[in-house]
There are 2 protein chains.
Amino acid sequence: MSVFLPKGTRDFLPEQMQVRLRAIDTIRAVFESFGFEPLETPAFERIETLSGKYGEEADKLMFRIHKRGRSAKPGECDLGLRYDLTVPLARVLAMNADLRLPFKRWQIQPVWRAERPQKGRFREFWQCDVDIAGSRSPLADAECIAVADAALRALGFEDYTIRVNDRRILTELAREAGASSLQEELSFLIALDKLDKIGLEGVERELVERGFEPDKLGTLWSAIAAPPTTEALLQTLQDVLSGVGLEGVDTLRTVIAAAEAMGVDPSRVRFDPSLARGADYYTGPVFEVAGDDPSVGSVAGGGRYDGLVGRLSGRELPAVGVSLGLERLITLLEAREDAGSMGPVADLLITVFDDGSAPAASRAATAFRAAGVKTELYIGDGRLKAQLKHADRRGYAWIALIGPDEASAGTVTLKNRRTWENTTLDLQAAVNKVSADRR
Amino acid sequence: MSVFLPKGTRDFLPEQMQVRLRAIDTIRAVFESFGFEPLETPAFERIETLSGKYGEEADKLMFRIHKRGRSAKPGECDLGLRYDLTVPLARVLAMNADLRLPFKRWQIQPVWRAERPQKGRFREFWQCDVDIAGSRSPLADAECIAVADAALRALGFEDYTIRVNDRRILTELAREAGASSLQEELSFLIALDKLDKIGLEGVERELVERGFEPDKLGTLWSAIAAPPTTEALLQTLQDVLSGVGLEGVDTLRTVIAAAEAMGVDPSRVRFDPSLARGADYYTGPVFEVAGDDPSVGSVAGGGRYDGLVGRLSGRELPAVGVSLGLERLITLLEAREDAGSMGPVADLLITVFDDGSAPAASRAATAFRAAGVKTELYIGDGRLKAQLKHADRRGYAWIALIGPDEASAGTVTLKNRRTWENTTLDLQAAVNKVSADRR
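## Focus: the overall build of chain A
Then, in step 1: Looking only at helices and strands, one finds 17 helices and 16 strands in chain A.
Then, in step 2: For 439 residues, the compact-globule estimate of 2.2 N^0.38 gives 22 Å, and chain A exceeds it by more than 25% at 28 Å.
Then, in step 3: Seen through its C-alpha atoms, chain A measures out along the principal axes to roughly 90 × 60 × 45 Å.
Then, in step 4: Here chain A holds 439 residues, and the buried ones make up 58% of them.
Then, in step 5: Excluding contacts between residues fewer than 6 apart, the proportion of contacts in chain A whose partners are at least 24 apart in sequence is 66%.

Next up, the structure:
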């Protein structure tokens, strides 16, 4: 009989977990340094809560849970695994009218999508999100960009670009090209979003197929195709656009300046009028961060979604957020030179000679741990040689030998694996020595 | 339109999350201090992996995920949400023959069971597990008891009892009472497990209904009904039992002594020959920790399950582990006097006067954060009075006012919310002052 993992999922063994825990702890500390508050929501939501929020394609990728009990019909599903952390947040806001606004929360949890598994794409993956609800200020949009930027730098990344756009600019472009409904606007976005993949001519052809007239866009089209500097492009659009498009340009200009004041290096920020971001719910600025290695794809993305909470609950609440994709960040971390050089799990191994000296070894373990020394008491079946090898493989700096002599004398023979020094000391002196070495 | 949570699930809002994160961080630190290594597994497993491992009742409580794609028949489920962290570990061990033994891992993740929701019982709840695979040594069993005990003490608990038993003693008792198959042994256990709920006579009646002859147990039965001291009871059983029952008694005696040497207060440990623990997979010592408040129930439990990995994979591997139930521990923590006295989310609020001074306020926020001060930049729509009230409600110790004067002079007016002192300082001096106050 053989055993498998579900398709598209992974176990994280100790070495991988050490990298993950270090990354999560770092990101959490940055989120907390900005005054975001922690939130967690259940793994599954009611199907009604999830459906129709992300677009049709996404609805198909949802994992659905079969209804329980006798009244359930075959195939009847009432719950779905969460697809992102944004819709659950919108539900929390809708259900908790007494949360003080602006509500700033961080949330680091897994999400699930039944995508076709391929290299670097998984069916269970973690998102690290911050969102700000209850503020229309462009400072909130800028803070989402700044906190993502600060998290990436805290993780040690330097080579990345932050692309920004505003959905209202895209709305205006879509209208100029002939869109006359939200449905048609989304159709325009889907075509435009393929620019990276199928190029300008491909997008033009697809727009025509979808019933648009891209030639009506004139100079705008060439600006999208080969964007000049951010400032020049903002100026061009400001001169040409009107209505919501102009609002988008104004907001974007403010957000970019505010992010810079919050410490974001302006040379990293690039206005990209083709950036759409997938989800249907965005309404204002959108942003996406990608490393300079194109094979990895975007590592963070977000935007403003002022309508989503209202659609869920009738309670209108502006909101903006950003999501860091933990899996791609981990891929980049593991590719760095220092990967694999994680510290050992413990500082010290205490060997166990025989049943008679085991109690003394156990008591010594408690004393070392009380002093903050991570201590493994050997509980395998190996003899002394195997125990020393075990400590070696795990890279422990210290070994404490407690044989019958040591047990009866209340001493410990300490081996320093770096200096090969052996010393027999009272238990307390040994504890002090190892504990001092750790600092 | 209204919005709901799925039945039996909860959101954890910031105040609850602070208690949870503190508890999880504490438990993780204790697990690491014993040299356990981190592991995480996917939320769902193949149905084949989960089924038949926990008993019939449990199989019914599994959340099943509907198969995706066109080939799926209505009602066809191929995945299930994990029911505990033990079966996923057994699968990891079965799949990774190169893991070095003994393999000691910690795992803190949610699990799901579709139980009828009731007070204090949830359909999504967290378990904090340590397990040791690849060691038959009673030191491994004792270490599981010791690490659970150390975690409870690190959380500040003092009033709890650790009940211990050995499944082999129960096997022997079941045989003496007439059981002649594993099926019948489990039937005996299910009846005995109800002792707390239906009392001695109730259990006796149920045993007879299930076809056993409890009167064959003689003095053993009275020992179960009213256990004397642990030592006296071990002696009684040692004199009366034979075969695997005697092995159980011997092991239990060793485990209790070893746990004591590892720092477990012996007055907390009580041998309870009626303790069965639910899951079908236990084979040796079992243990359960309960607080002295009977309304809360057990907060930790575990035992030895030498057959489970073999049943999954054909690879025989002894294993023992313990699981701490986070939800009940949190209930106890929240009931303590100091609950609700969690610190504020940030140390400092920076007010924002107007668009003109916002960049200076943003730059100041970056400077405070760089010095390790958790800093909220106000991004709401409120005027100064509302901003001060916001800081008050959140309990921040400091407020930094940066108006037009401060912005042009590069200064900050610091308000200390405890002393009501106001001082205008250079930005760097202000950063130093708040940063020094935090230490």
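## So, the sheet that holds strand E16 (residues 422–426) of chain A
Residue and element names in this part refer to chain A.
Then, in step 1: The strand order E13-E12-E14-E15-E16 describes an open sheet built from five strands, whose pairing is mixed. Either end of the sheet is taken by a strand with one partner, and the two such strands are strand E13 (375–377) and E16. Taken pair by pair, the neighbouring strands of this sheet meet at an average axis angle of 25 degrees, ignoring direction.
Then, in step 2: Across the sheet, helix H15 (residues 384–394) lies against strand E12 (348–350), E13, strand E14 (398–401) and strand E15 (411–416), angled at about 160 degrees from E14, the strand it touches most.

## Quick look at the side chain of Asp131 of chain B
Residues and elements named next belong to chain B.
Then, in step 1: With respect to the secondary-structure elements, Asp131 resides in strand E6 (residues 124–133).
Then, in step 2: Side chain to side chain, Asp131 and Arg105 meet in a polar contact 2.8 Å long.
Then, in step 3: A distance of 2.6 Å separates polar atoms of two side chains, one belonging to Asp131 and the other to Tyr305.
Then, in step 4: Apart from residues lying up to four places away in sequence, Asp131 is in contact with Phe36, Leu89, Phe103, Lys104, Arg105, Tyr305, Val320, Gly321 and Val322.

## Considerations on the relation of the copies chain B and chain A
Then, in step 1: When chain B is fitted onto chain A, the two copies agree to an RMSD of 0.0 Å after a turn of 180 degrees and an axial shift of 0.0 Å. Given the turn and translation reported, the copies of this chain are related as if by a two-fold rotation axis.
Then, in step 2: A share of 100% of the interface residues of chain B reappears at the interface of chain A, consistent with the copies meeting face to face through the same patch.

## Thoughts on the packing of aromatic side chains
Then, in step 1: In the structure shown here, the tally under the stated rule is eight aromatic pairs over all chains.
Then, in step 2: For the ring pair Phe63 of chain A and Phe44 of chain B, a centre distance of 5.0 Å and an interplane angle of 45 degrees mean the geometry is tilted. Residue Phe63 of chain A is located in the loop between helix H3 (56–60) and strand E3 (64–66), and its partner Phe44 of chain B is located in strand E2 (residues 44–46); the two belong to separate chains.
Then, in step 3: With a relative accessible area of 0%, Phe63 of chain A lands in the buried category.
Then, in step 4: For Phe44 of chain B, a relative accessible area of 1% corresponds to the buried category.
Then, in step 5: Taken together, Tyr281, Tyr282 and Tyr305 of chain A form an aromatic cluster joined through their ring pairs.
Then, in step 6: Directly above the ring of Phe122 of chain A sits Arg10 of chain A, whose terminal nitrogen or CZ lies 3.4 Å from the centroid.
Then, in step 7: The ring of Tyr160 of chain A has Arg268 of chain A sitting right over it, with the charged end atom 4.1 Å from the ring centre.

## Quick word on the interface of chain B and chain A
Then, in step 1: Taken together, the contact pairs 91 residues of chain B with 91 residues of chain A.
Then, in step 2: Carbon and sulfur atoms make up 63% of the area that chain B and chain A hide from each other, which totals about 8000 Å².
Then, in step 3: Per-residue buried area on chain B facing chain A is highest for Val3, Glu40 and Ile379 of chain B; these three make up 9% of the total on that side.
Then, in step 4: Residue Arg91 of chain A is joined to Asp11 of chain B by a salt bridge in which the shortest nitrogen-to-oxygen separation is 2.8 Å.
Then, in step 5: Here chain B is connected to chain A by 22 residue pairs in polar contact (both at pLDDT 80 or more).
Then, in step 6: With eight residues, helix H1 (residues 14–33) of chain B is the single largest residue contributor to the side of chain B that touches chain A.
Then, in step 7: Tallied by class, residues from the side of chain B that touches chain A come to 47 nonpolar, 18 polar and 26 charged.

## Quick notes on helix H13 (residues 326–335) of chain B
Then, in step 1: Looking at H13 of chain B, one finds that the buried residues are Leu326, Glu327, Leu329, Ile330, Leu332 and Leu333 of chain B.
Then, in step 2: Where H13 of chain B is buried, its residues touch H1, E6, helix H5 (138–154), strand E10 (298–304) and strand E11 (319–325) of chain B.

## Considerations on the pairing of strand E9 (residues 285–291) of chain B
Consecutive side chains along a regular strand alternate between the two faces of the sheet.
Residues and elements named next belong to chain B.
Then, in step 1: By the criterion of burial, E9 is predominantly enclosed, with five of the seven residues buried.
Then, in step 2: Bridge count for strand E7 (residues 160–166) against E9 is seven bridges, and the pairing is antiparallel. From the neighbouring strand, Tyr160 faces E9, where its bridge partner is Gly291.
Then, in step 3: Two strands pair when backbone bridges link them, and E9 and E10 are joined in this way by five bridges, in the antiparallel orientation. Bridge pairing in E10 links Phe287 to Gly302.
Then, in step 4: Between E9 and E10, which follow one another and run antiparallel, lie six residues, and Gly297 among them has a positive phi close to 80 degrees.

## Re the environment of Asp196 of chain B
Then, in step 1: When you line up the elements, Asp196 of chain B lands in helix H8 (residues 195–209).
Then, in step 2: Remark: the alpha-carbon pair of Asp196 of chain B and Ser274 of chain B, spanning 78 residues in sequence, is separated by 9.3 Å.

## Points about the pairing of E15 of chain A
Residues and elements named next belong to chain A.
Then, in step 1: Within E15, six of the six residues are buried, leaving the element largely enclosed by the surrounding structure.
Then, in step 2: Residues Thr411, Thr413 and Lys415 point to one face of E15 and Val412, Leu414 and Asn416 to the other, with burial holding for every one of them.
Then, in step 3: Pairing geometry for E14 and E15, over four bridges, is antiparallel. Each bridged residue has a counterpart across the sheet, and for Trp398 the counterpart in E15 is Asn416.

## Quick word on the domain arrangement of chain A
Then, in step 1: What the domain assignment reports for chain A is domain 1 (14–335) and domain 2 (348–438).
Then, in step 2: Placing the centre of domain 1 of chain A and that of domain 2 of chain A at their C-alpha centroids yields a distance of 52 Å.

## A word on unusual backbone geometry
Leave glycine aside and you will find that most residues have negative phi; peptide bonds, for their part, are mostly trans.
Then, in step 1: The omega torsion across Leu101 of chain A and Pro102 of chain A is -10 degrees, close enough to zero to call that bond cis.
Then, in step 2: When you line up the elements, Pro102 of chain A lands in the loop between helix H4 (86–95) and strand E5 (103–112).
Then, in step 3: Here the phi dihedral of Trp420 of chain B falls at roughly 60 degrees; this positive angle occurs in a residue that is not glycine.
Then, in step 4: Tracing the backbone through its elements, the reader meets Trp420 of chain B in the loop between strand E15 (411–416) and strand E16 (422–426).
Then, in step 5: Trp420 of chain B gets classed as exposed once you look at its relative accessible area, which sits at 61%.

## Looking at the sheet that holds strand E12 (residues 348–350) of chain B
Residue and element names in this part refer to chain B.
Then, in step 1: Spatially, five strands are ordered E13-E12-E14-E15-E16 in an open sheet, and the strand pairing comes out mixed. What marks the edges here is a single partner per strand, and that holds for strand E13 (375–377) and E16. On average, each strand axis in the sheet is inclined to that of its neighbour by 25 degrees, with strand direction left out of account.
Then, in step 2: Docked against the sheet, helix H14 (residues 358–370) engages E12, E13 and strand E14 (398–401), running at close to 170 degrees with respect to E13.
Then, in step 3: The sheet strands contacting helix H17 (residues 427–438) are E12, E14, E15 and E16, and the helix crosses E16 at an angle near 125 degrees.

## Things to note about the packing of H1 of chain B against H5 of chain B
All names here are of chain B.
Then, in step 1: Following both chains from N to C, one finds H1 and H5 inclined at 140 degrees, their axes separated by 9 Å at the closest point. Between H1 and H5, the crossing angle belongs to the class labelled oblique. Seen from above, H1 lies across H5 with right-handed handedness. Two secondary-structure elements touch here, H1 through Thr26, Val30 and Phe31 and H5 through Val147, Ala150, Ala151 and Ala154.
Then, in step 2: For the contact of H1 with H5, the residue count by class is six nonpolar, one polar and no charged.

## Brief notes about helix H8 (residues 195–209) of chain A
Residue and element names in this part refer to chain A.
Then, in step 1: Taking 1.5 Å per residue as the helical rise, H8 with its 15 residues ought to reach 21 Å, whereas the 15 Å between its terminal C-alpha atoms falls clearly short.
Then, in step 2: Buried within H8 are the following residues: Leu195, Gly202, Val203, Glu206 and Leu207.
Then, in step 3: Positive backbone phi, at 95 degrees, marks Gly211, one or two positions downstream of H8.

Reading the values: rules and limits
Residue positions within a chain follow its written sequence, with the count starting from 1. Numbering of ligands from 1 and lettering of chains from A proceed in the order in which they are written. Predicted model: local features are reported for residues with pLDDT of at least 70 only, side-chain atom pairs are reported and counted for 80 or more only, and whole-chain, interface and lining totals are derived from all residues. Neither water nor hydrogens contribute to the side-chain values; these are computed over all heavy atoms in the structure. Numbering of helices and strands starts at the N terminus; helices are DSSP runs of H or I of at least 4 residues and strands are runs of E of at least 2. Only the C-alpha atoms count toward the radius of gyration. The rule for a globule is 2.2 Å times the residue count to the power 0.38. Residue exposure (1.4 Å probe, protein chains only): buried if accessible area is under 20% of the type maximum, exposed if over 50%, otherwise partly exposed. Whether two residues touch is decided by their heavy atoms; if any such pair falls within 4.5 Å, the residues are in contact. By definition, two strands form a pair when at least two bridges between them are found by DSSP. Whenever a helix is involved, its axis is fitted only over the stretch in contact; in every case the axis is a line through C-alpha atoms, and angles between N-to-C directions fall within 0 to 180 degrees. Under this definition, polar contacts are N or O atom pairs within 3.5 Å; protein pairs additionally need one hydrogen-donor-capable and one acceptor-capable atom, and for neighbouring residues in sequence, both atoms have to be side-chain atoms. In this comparison the copies share one frame, found by least squares on the C-alpha atoms of residues holding pLDDT of at least 70 in both. Any pair of Phe, Tyr and Trp rings, taking the six-membered ring for Trp, is counted once the centres come within 6.5 Å. Such a pair is stacked with planes under 30 degrees apart, edge-to-face with planes over 60 apart, and tilted for the rest. We call a charge positioned above a ring when the Lys NZ or Arg CZ atom is no farther than 6 Å from the ring centre and deviates by at most 35 degrees from the ring normal. Simply put, the buried area is the total loss of 1.4 Å probe accessible area from both parts when two parts are fitted together. Each salt bridge in this description consists of a side-chain nitrogen of Lys or Arg and a carboxyl oxygen of Asp or Glu lying within 4 Å of one another. Polarity classes work like this: nonpolar for Ala, Val, Leu, Ile, Met, Phe, Trp, Tyr, Cys and Pro, charged for Asp, Glu, Lys and Arg, and polar for all others, with Gly in that last group. Where each domain begins and ends is defined by an automated method or by a domain database. An angle counts as roughly parallel when it lies under 35 degrees, as roughly antiparallel when it exceeds 145, as roughly perpendicular when it falls between 65 and 115, and as oblique in every other case. Crossings are sorted by hand: turned counterclockwise from the far helix by less than a right angle, the near helix makes the crossing left-handed, and turned clockwise it makes it right-handed. Multiplying 1.5 Å by the helix residue count minus one yields the expected span of that helix.

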